Amino acid sequence: MGPPVSHRWAARLHLPTLAVAVALLAVWTLLSWRYGAYVLPSPLEVVRGLGEVVRTGEVWRHTGASLARILVGFGGAVVVAVLLGLAAFVSPVGRGIVHDLVAVLNATSVFVWIVISIIWFGLSNWAPIFTTFMITLPVVGANIVEGVENVDRRLLEMGDVYRLDGRQKFAAIVVPSTLPYLLAGMKVGFGLALKVSVVAEIFGVTSGIGYIMNYSREILATQMVFVWALVMILVMTLADRLVFEVIARRLARWR
Amino acid sequence: MKLVVEGVGKDYLIPVIDSVSFGVAAGEFVCLLGPNGCGKTTLLRIVGGLEPATRGRVLLDGEPVTADGRHRDRVGVVFQEDRLLPWMTLRDNVALVLKPLGVAAAGRRATAERYLQLVGLGGFEGYYPGRVSGGMRQRAAIARALAIEPDLLLMDEPFGALDAQNRRIMQNEVRRIWRETGRTIVFVTHSIEEAVAIGTTLVMLSARPSRVRELIGNDGRVERAKLVDDLNTMIMEEVERQQGAAPGPVP
């Protein structure tokens, strides 16, 4: 189904966007000539740098380290958010508490958690993990709670008529209607996790995209800062395309 | 299943149902009629134990119906909307309600398919509700209600959302299913023609706060056209009464 392949490619490449990209690259090149490689490395140097880190395998080491921390911190946040959603489902009191908790956490700055996690965990893996956890928890939690609140009461009443017990109603009605909300929350949360954990990696760890970016700056290798920024963009895009879009399509197969 | 409604009343902010009493023998096809807003749906929900009554009680074979759904008898409900789970196939939707009855998976599947067949959905078992027409969804909802082999089947304007042609087809189907299964059915409708066409007992409610205005046996002894005329007259009287009783414009 869908449009023919050639059309799809045309749509994806979207010529006006391509034109803008080419123009930006041209301006970038000009500016890098004007200001020199320390301030603004040329696109060519960035591409060369990317080839370098791929060749040496450095790209896997640091991306892997960052992703591992995200997996623990963000994964933990998803697990806890699901438990909060469960609490919001079973009791109105729980729903109120979760609501307020999410509001407070949402209002807390990233930097607060970075500083606190350095105090608590020192210069270790747990600092970025904890920061990621605390920042993504309210995002995923808010989405799940919204999903739980939006479960169609009329379907639950149908469940009562046919005497489904709590577990059956949960599995057949609550989970399927909440999953799209969970997925949306996870999508936003993952993007946030990548951005936040990288900032937290500036302090105290010796691997990860944030660490290597900061290190590149210190040794005046500006082109590597750009290379790692590019890697972050690629990771985000690939996660979107290969994970979230695939899951979303699977979830929506009944639509 | 013998159904007895004993002085049932319901107050929200105002009394909606004053006091309704009637009794129905097993295997009857009861149609609840009345002007808009007289509490037909509310009465049906009370009979099904979905809502508590303010006064009175409902007895199924002598056992009171309670709003917590703990009563012994099986009650199937077809709502105004189909209330199918959109993420389950028609087969799984029907099979789901057999789970609480302790039927094994293979049996649930077979029963679901049998009842989908009965309502004319053979071949559509694997379809998701979003992929079939509104009439077919409503049939699937009926199959689901029948699958639990209910002692009492409650239907709340189940064909309200259908066009005239589908409505006619579904009326014939329900009538046929009723004949084949012998269930006691209580059917809410605002269409007098529909009630006369399919009901064996017609309960005409009065304007709000409602009482039973007339209990009519529709056994074919009264000519249908005359019955429809009489009922239309009654309902017009009730509508006028309701409008007369309504508070006038604010001075």
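Keep in mind it's a predicted model, so treat the numbers as computed, not measured. (Residues numbered from 1 in each chain as written. Chains lettered and ligands numbered in written order. Predicted model: local features only at pLDDT ≥ 70, side-chain atom pairs only at ≥ 80, totals over all residues.)

## Details of the overall build of chain B
Here is step 1 of the chain: Along the backbone of chain B there are seven helices and ten strands.
Here is step 2 of the chain: Scaling as 2.2 N^0.38, a compact globule of 251 residues should have a C-alpha radius of gyration of about 18 Å, and chain B matches this with 19 Å.
Here is step 3 of the chain: Considered along the principal axes of its C-alpha atoms, chain B spans approximately 60 × 45 × 40 Å.
Here is step 4 of the chain: Considering only intrachain contacts with a sequence separation of at least 6, the fraction spanning at least 24 residues in chain B is 70%. (Helix = DSSP H or I, 4+ residues; strand = E, 2+ residues; numbered from the N terminus. Rg over C-alpha atoms; globule rule 2.2 N^0.38 Å. Contact = placed C-beta atoms within 7 Å.)

## Observations regarding the domain arrangement of chain B
Residues and elements named next belong to chain B.
Here is step 1 of the chain: Domain boundaries in chain B define domain 1 (1–73 + 151–235) and domain 2 (87–149).
Here is step 2 of the chain: Taking only C-alpha atoms, the centre of domain 1 and the centre of domain 2 are 25 Å apart.
Here is step 3 of the chain: On the domain 2 side, the residues contacting the ten residues of domain 1 number nine residues.
Here is step 4 of the chain: Broken down by element, the side of domain 1 that touches domain 2 gets its largest block of residues, five residues, from helix α5 (residues 164–181).
Here is step 5 of the chain: Of the residues contributing to the side of domain 1 that touches domain 2, the split by class is seven nonpolar, two polar and one charged. (Domains from an automatic or database assignment. Nonpolar A, V, L, I, M, F, W, Y, C, P; charged D, E, K, R; others polar.)

## Quick look at the pairing of strand β7 (residues 152–156) of chain B
Residue and element names in this part refer to chain B.
Here is step 1 of the chain: The buried fraction of β7 is high, at five of five residues.
Here is step 2 of the chain: Of the two faces of β7, the one holding L152, L154 and D156 and the one holding L153 and M155 are both buried throughout.
Here is step 3 of the chain: As paired strands, strand β6 (residues 75–78) and β7 are joined by four bridges and run parallel to one another. Bridge pairing in β7 places V78 opposite M155. (Buried ≥ 20, exposed ≤ 12 C-beta atoms within 10 Å, placed from the backbone. Pairing = 2+ DSSP bridges.)

## Focus on the confidence of the model for chain B
Here is step 1 of the chain: Looking at chain B as a whole, its pLDDT mean stands at 87, while 94% of the residues score no less than 70.
Here is step 2 of the chain: Interface predicted TM-score (ipTM) for the complex: 0.85; the corresponding pTM is 0.80. (pLDDT = per-residue confidence, 0-100.)

## Some thoughts on unusual backbone geometry
Peptide bonds are trans in most cases, and residues, glycine excluded, mostly fall at negative phi.
Residue and element names in this part refer to chain B.
Here is step 1 of the chain: Omega for the peptide link from R208 to P209 comes to -10°, which places this bond in the cis form.
Here is step 2 of the chain: Residue position: P209 is located in the loop between β9 (201–205) and β10 (210–217).
Here is step 3 of the chain: Within the chain, E157 stands out as a residue other than glycine whose phi angle is a positive 40°.
Here is step 4 of the chain: Examined against the element boundaries, E157 turns out to sit in the loop between β7 and α5.

## Description of the domain arrangement of chain A
Think of interface size as the accessible area that goes away when the parts come together; that is how it is often given.
Here is step 1 of the chain: Taken domain by domain, chain A consists of domain 1 (1–35) and domain 2 (42–251).
Here is step 2 of the chain: On a C-alpha basis, the centres of domain 1 of chain A and domain 2 of chain A stand 29 Å from each other.

## Structural notes on helix α4 (residues 134–147) of chain B
Residue and element names in this part refer to chain B.
Here is step 1 of the chain: For α4, built from 14 residues, the straight-helix expectation of 20 Å at 1.5 Å per residue is met to within 8% by its first-to-last C-alpha distance of 20 Å.
Here is step 2 of the chain: Counting buried positions over the 14 residues of α4 gives 13, a clear majority of the element.
Here is step 3 of the chain: One or two residues past the end of α4 sits E149, with phi positive at roughly 50°. (Expected span 1.5 Å × (residues − 1).)

## Some remarks on the packing of helix α9 (residues 166–200) of chain A against helix α11 (residues 222–251) of chain A
Residue and element names in this part refer to chain A.
Here is step 1 of the chain: In contact at an axis separation of 11 Å, α9 and α11 are set at 170° when each is read in the N-to-C sense. Relative to α11, the element α9 lies roughly antiparallel. Where α9 abuts α11, its residues L179, P180, L183, K187, F190, G191, L194 and V198 lie against M232, V235, M236, A239, F244, I247, A248 and L251.
Here is step 2 of the chain: Of the residues that constitute the contact of α9 with α11, the class distribution is 14 nonpolar, one polar and one charged. (Axes fitted to C-alpha atoms, helices over the stretch in contact; angles between N-to-C directions. Parallel < 35°, antiparallel > 145°, perpendicular 65-115°, else oblique.)

## Looking at the interface of chain B and chain A
Here is step 1 of the chain: Counting residues at the interface gives 16 residues for chain B, matched by 16 residues for chain A.
Here is step 2 of the chain: For the side of chain B that touches chain A, the residue count by class is ten nonpolar, three polar and three charged.

## A look at the pairing of strand β2 (residues 15–24) of chain B
Residue and element names in this part refer to chain B.
Here is step 1 of the chain: In this sheet, β2 lies alongside strand β1 (residues 3–11) in antiparallel orientation, the contact comprising six bridges. Bridging across to β2, V8 finds its partner in V20.
Here is step 2 of the chain: Here β1 folds back onto β2, and the loop between the two strands holds three residues.
Here is step 3 of the chain: In the sheet, β2 pairs with β10 via two bridges, with the strands oriented parallel. Looking at β10, one finds that S19 is bridged to R211.

## Points about the sheet that holds strand β4 (residues 55–60) of chain B
All names here are of chain B.
Here is step 1 of the chain: With mixed pairing, ten strands are arranged side by side in an open sheet as β5-β4-β1-β2-β10-β9-β3-β8-β7-β6. At either end of the open sheet lies a strand with only one pairing partner, and these are β5 (63–64) and β6.
Here is step 2 of the chain: Running over the sheet, α4 touches β6 and β7 and is turned about 175° from β6.

## Concerning the environment of V139 of chain A
Residues and elements named next belong to chain A.
Here is step 1 of the chain: Counting through the fold element by element, V139 comes out in helix α7 (residues 126–149).
Here is step 2 of the chain: For the pair V139 and G189, spaced 50 residues apart in sequence, the C-alpha to C-alpha distance is 6.1 Å.
Here is step 3 of the chain: Once you skip the residues sitting within four places of it in the chain, V139 turns out to touch G185, V188, G189 and L192.

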